[in-house]
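# Survey of secondary and tertiary structure
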Amino acid sequence: VVEHCHIPARFIGIILLPFAGNACEHASAVRFAMQDRPGLSIGIAVGSSTQIALFVVPFTVVMGWLLNQPMDLVFGSMNTAVMILSVLVALTLVIDGRSNWLKGFMLCTAYVFCAVLYWYMPPPLE
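Thresholds, definitions, all that
- Along each chain, numbering runs from 1 in the same order as the chain's sequence is written.
- Totals for whole chains, interfaces and linings use every residue, but because this is a predicted model, local features are given only for residues with pLDDT of at least 70 and side-chain atom pairs only at 80 or more, for both listing and counting.
- Remark: hydrogens and water are excluded; side-chain values derive from all non-hydrogen atoms of the structure.
- Helical segments are the DSSP runs of H or I of at least four residues, strand segments are the runs of E of at least two, and each set is numbered from the N terminus.
- What a helix should span is 1.5 Å times the count of its residues minus one.
- When accessible area is computed with a 1.4 Å probe and restricted to protein chains, residues below 20% of their type maximum are described as buried, those above 50% as exposed, and intermediate ones as partly exposed.
- For this quantity, the arc is that covered by the directions from the helix axis to the C-beta atoms.
- Here a residue-residue contact requires only that any non-hydrogen atoms of the pair lie within 4.5 Å.
- Think of a polar contact as two N or O atoms within 3.5 Å of one another; within protein, one of them needs to be a possible hydrogen donor and the other a possible acceptor, and neighboring residues in sequence only count if both atoms come from side chains.

### Focus: helix H6 (residues 101-120)
An ideal rise of 1.5 Å per residue puts 28 Å on 20 residues; H6 measures up with 29 Å between its terminal C-alpha atoms. Looking at H6, one finds that the buried residues are Lys-103, Cys-114, Ala-115 and Tyr-118. What you see down the axis of H6 is that its buried residues fit within an arc of 125°, all on one side. Of the exposed residues in H6, the ones pointing more than 90 degrees away from its buried face are Trp-101, Phe-105, Cys-108, Val-112, Phe-113 and Tyr-120. Taken together, the buried residues of H6 touch helix H2 (9-21) and helix H5 (77-94). Two or three places before Leu-102, at the start of H6, stands the capping residue Asn-100, its side-chain oxygen 3.1 Å from that residue's backbone nitrogen.

Geometric descriptors of this kind do not, in isolation, establish any biological role.
Structure follows, in structure tokens:
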């Protein structure tokens, strides 16, 4: 896919796979938000992120160690900066417990910003 469609591998791994892999969770969060149940909707989104951070990433590192693959928790400065900024944006938007269209627009804009960033990010030097 990377060579045939000219889509960067980082974009596929960081933007497309999580979006497609959590489509059911996204659909249920949108459904509950449309039913005026924002607490449940936010709980689904934050719970999914917490699950990835606390289980999937350490599990991947341990499995890499067992399979003798070079896996570690060194994400690099760009990925760390994007993660910190994403957490700060999400925190500032959900801390008061209210929502409106502008907060949703800000979240979508942050996602598009990250997508554009990873699309144009140069490949790592080897």
